[in-house]
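Working through the structure, step by step
Here is what each chain is made of, one letter per residue.
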Number of protein chains: 2
Amino acid sequence: MRLVIIGTGNVATVLSHAAQQAGHDIVQVYGRDAAKAASLAASRNALPVHNIAEISSDADLYLIAVSDGAVAAVAAELNLGNKLVVHTAGSVSKDVLKVCSTNYGVLYPLQSLRAEMPGVPDIPLLIDANTGDDLALLQQIAGSISSQVQIAGDEQRLQLHVAAVIVSNFTNHLYALAEQYCQQSGLDFRMLQPLISEVADRIKHGSPKDLQTGPAIRNDHTTISRHLQLLRDFPQLNYLYEELSNSIWLMYNK
Amino acid sequence: MRLVIIGTGNVATVLSHAAQQAGHDIVQVYGRDAAKAASLAASRNALPVHNIAEISSDADLYLIAVSDGAVAAVAAELNLGNKLVVHTAGSVSKDVLKVCSTNYGVLYPLQSLRAEMPGVPDIPLLIDANTGDDLALLQQIAGSISSQVQIAGDEQRLQLHVAAVIVSNFTNHLYALAEQYCQQSGLDFRMLQPLISEVADRIKHGSPKDLQTGPAIRNDHTTISRHLQLLRDFPQLNYLYEELSNSIWLMYNK
């Protein structure tokens, strides 16, 4: 297949790499930032495009990989006739692409992608399209770059996006708060890495609800009070410690 | 070394297994629950003890692996003369062991241990003792069962325990809330596993503060509002979504 990549960020970089590895041709990379477009295009054997009017009209798939909030604005500038165009956003309806083509859909990676990822990871992909033919074509393309492809409509994709924010953005924030606390207390945050990996890994084999441990589920007020006292100089962490402990207690004592 | 294990739970099971694998003799396993003591003792080639007065007086190390809140009560029942006794609790001072021996300390695993763990994991161990000789002996024993041993006093151990609760108990709770939400929304929670693993793994190579992504750090109110709307029937999750998003915003916009 011949692909045009619209965007130069993390998702554009990783998905275009995965597509190239799967044997697809990246014909153009469009980016508002000319230098970024040139750089990504060079590594994909593609032509860089800075003027949106110069986007090729003979590709098979147009992949809009820009931030969720920018999808609609980019779509409004495109005129692709009946060419299949997809965006990669978790929280945006496929319908915002109606303005630029009669054939449109979504290819949403349910993964936290970074341009500098080593190699090409196997990314869970959620796909959607406005016609059965387009969905079949997307299934074929998505299936060529990932072993984990599922069809998900706007509502389901948005729901999974919420869940993704909870298990990735919020957990990463807890790591960041703990790191800050360790730094300011003269502790080595790296010591916690085996624990962090264990907690994430073990839910491959069991329900997190059944695996909960810690002072909150034991209703161990002595330990909780001691911890809150220790966090007295970390107001944000102190506050979240109480809220999350309370939430754990609520889940198991209803 | 000859060890007596006091306790039959997750920590007692995993640490006694690790000690046995390292070539130490488990001579006795004491537990209030006779059946549990018999079962763990059998698998460690040790004698089960149900009556605390029958605990052997000729072991080299007495390991009290009971819940944090029960350590003091168990210590009060023991009389070990000058034998080295340690507890395994993150939030308990070593001094509560003074009542049962003149030689006491701590061997605290900075890991979430479960009896059913496959094999013997390499556990980060924090050690402490009231004399230099005891600390040297503990370092030797701990070093024989783990490659990651550090000395940490009461205050430092308590601080690391707080950090451990944040990165393990609280993240697991977020997984549990997301699982509950997926189940009630007809979504497959398993689809999130690659994302969960990626977020935990990538901080091996970078600071979580620098790796933060998601709508909160982008200050993307459109997405956040849509997510909160979707969580309207999940009050606890809705509440925590707002609090954690706010906390992310605070970290990066101060």
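Computed from a predicted structure; not experimentally measured.

Brief notes about the side chain of Lys 94 of chain B
Residues and elements named next belong to chain B.
- Along the polypeptide, Lys 94 turns up in the loop between strand 5 (84–87) and strand 6 (103–109).
- Classification of Lys 94 as buried rests on a relative accessible area of 15%.
- Polar side-chain contacts of Lys 94 include one of 3.2 Å to the side chain of Asp 128.

Section: the pairing of strand 5 (residues 84–87) of chain A
All names here are of chain A.
- Burial along strand 5 is two-sided: the face carrying Leu 84 and Val 86 and the face carrying Val 85 and His 87 are both buried.
- In terms of handedness, the path from strand 4 (residues 61–64) via helix 3 (residues 71–77) over to strand 5 forms a crossover that is right-handed.
- Relative to strand 6 (residues 103–109), strand 5 runs parallel, the two sharing four bridges. If you follow Leu 84 over to strand 6, its bridge partner there is Asn 103.

Concerning the relation of the copies chain B and chain A
- Superposition record for chain B on chain A: RMSD 0.0 Å, screw rotation 180°, translation along axis 0.0 Å. Here the two chains are linked by the operation of a two-fold rotation axis. No C-alpha of chain B approaches the rotation axis more nearly than that of Thr 171 of chain B, which lies at 2.7 Å.

Quick notes on the domain arrangement of chain A
All names here are of chain A.
- What the domain assignment reports for chain A is domain 1 (2–152) and domain 2 (158–253).
- For domain 1 and domain 2, the distance between their C-alpha centroids amounts to 36 Å.
- Tallying the contact residues gives six residues for domain 1 and four residues for domain 2.
- Connecting domain 1 to domain 2 are zero residue pairs in polar contact (both at pLDDT 80 or more).
- Among the residues making up the side of domain 1 that touches domain 2, the classes are represented as three nonpolar, two polar and one charged.

A word on the packing of helix 5 (residues 154–185) of chain A against helix 8 (residues 235–253) of chain B
- Look at helix 5 of chain A against helix 8 of chain B: their axes get within 10 Å of each other, and the N-to-C directions meet at 50°. What the angle tells us is that helix 5 of chain A and helix 8 of chain B run oblique. Taken as a pair, helix 5 of chain A and helix 8 of chain B cross one another with a handedness that is left-handed. Facing Val 165, Ile 166, Asn 169, Phe 170, His 173, Leu 174, Ala 176, Leu 177 and Gln 180 of chain A of helix 5 of chain A, the residues of helix 8 of chain B in contact are Leu 237, Tyr 241, Leu 244, Ser 245, Ser 247, Ile 248 and Met 251 of chain B.
- When its residues are assigned to classes, the contact of helix 5 of chain A with helix 8 of chain B shows 11 nonpolar, five polar and no charged.

As for the sheet that holds strand 4 (residues 61–64) of chain B
Residues and elements named next belong to chain B.
- Spatial strand order, 3-2-1-4-5-6-7-8: eight strands in an open sheet with mixed pairing. Looking at which strands have only one partner, the edges of the open sheet turn out to be strand 3 (47–49) and strand 8 (149–151). Shown here is a sheet whose adjacent strand axes are inclined to one another by a mean of 25°, direction ignored.
- Sheet topology note: the strand 4/strand 5 ladder contains four bridges and is parallel. Of the residues in strand 5, the one forming a bridge with Leu 63 is Val 86.
- Contacting strand 4, strand 5, strand 6, strand 7 (125–129) and strand 8, helix 4 (residues 132–145) crosses the sheet at an angle of about 160° to strand 7.

What counts, and at which threshold
- Residues numbered from 1 in each chain as written.
- Chains lettered and ligands numbered in written order.
- Predicted model: local features only at pLDDT ≥ 70, side-chain atom pairs only at ≥ 80, totals over all residues.
- Heavy atoms only, no water.
- Helix = DSSP H or I, 4+ residues; strand = E, 2+ residues; numbered from the N terminus.
- Buried < 20%, exposed > 50% of the residue type's maximum accessible area, 1.4 Å probe, protein only.
- Polar contact = N/O pair within 3.5 Å; in protein donor to acceptor, adjacent residues only side chain to side chain.
- Right-handed = clockwise from strand over helix to strand, strands pointing away.
- Pairing = 2+ DSSP bridges.
- Least-squares fit on C-alpha atoms with pLDDT ≥ 70 in both.
- Domains from an automatic or database assignment.
- Contact = heavy atoms within 4.5 Å.
- Nonpolar A, V, L, I, M, F, W, Y, C, P; charged D, E, K, R; others polar.
- Axes fitted to C-alpha atoms, helices over the stretch in contact; angles between N-to-C directions.
- Parallel < 35°, antiparallel > 145°, perpendicular 65-115°, else oblique.
- Left-handed = near helix turned anticlockwise from the far one by under 90°.

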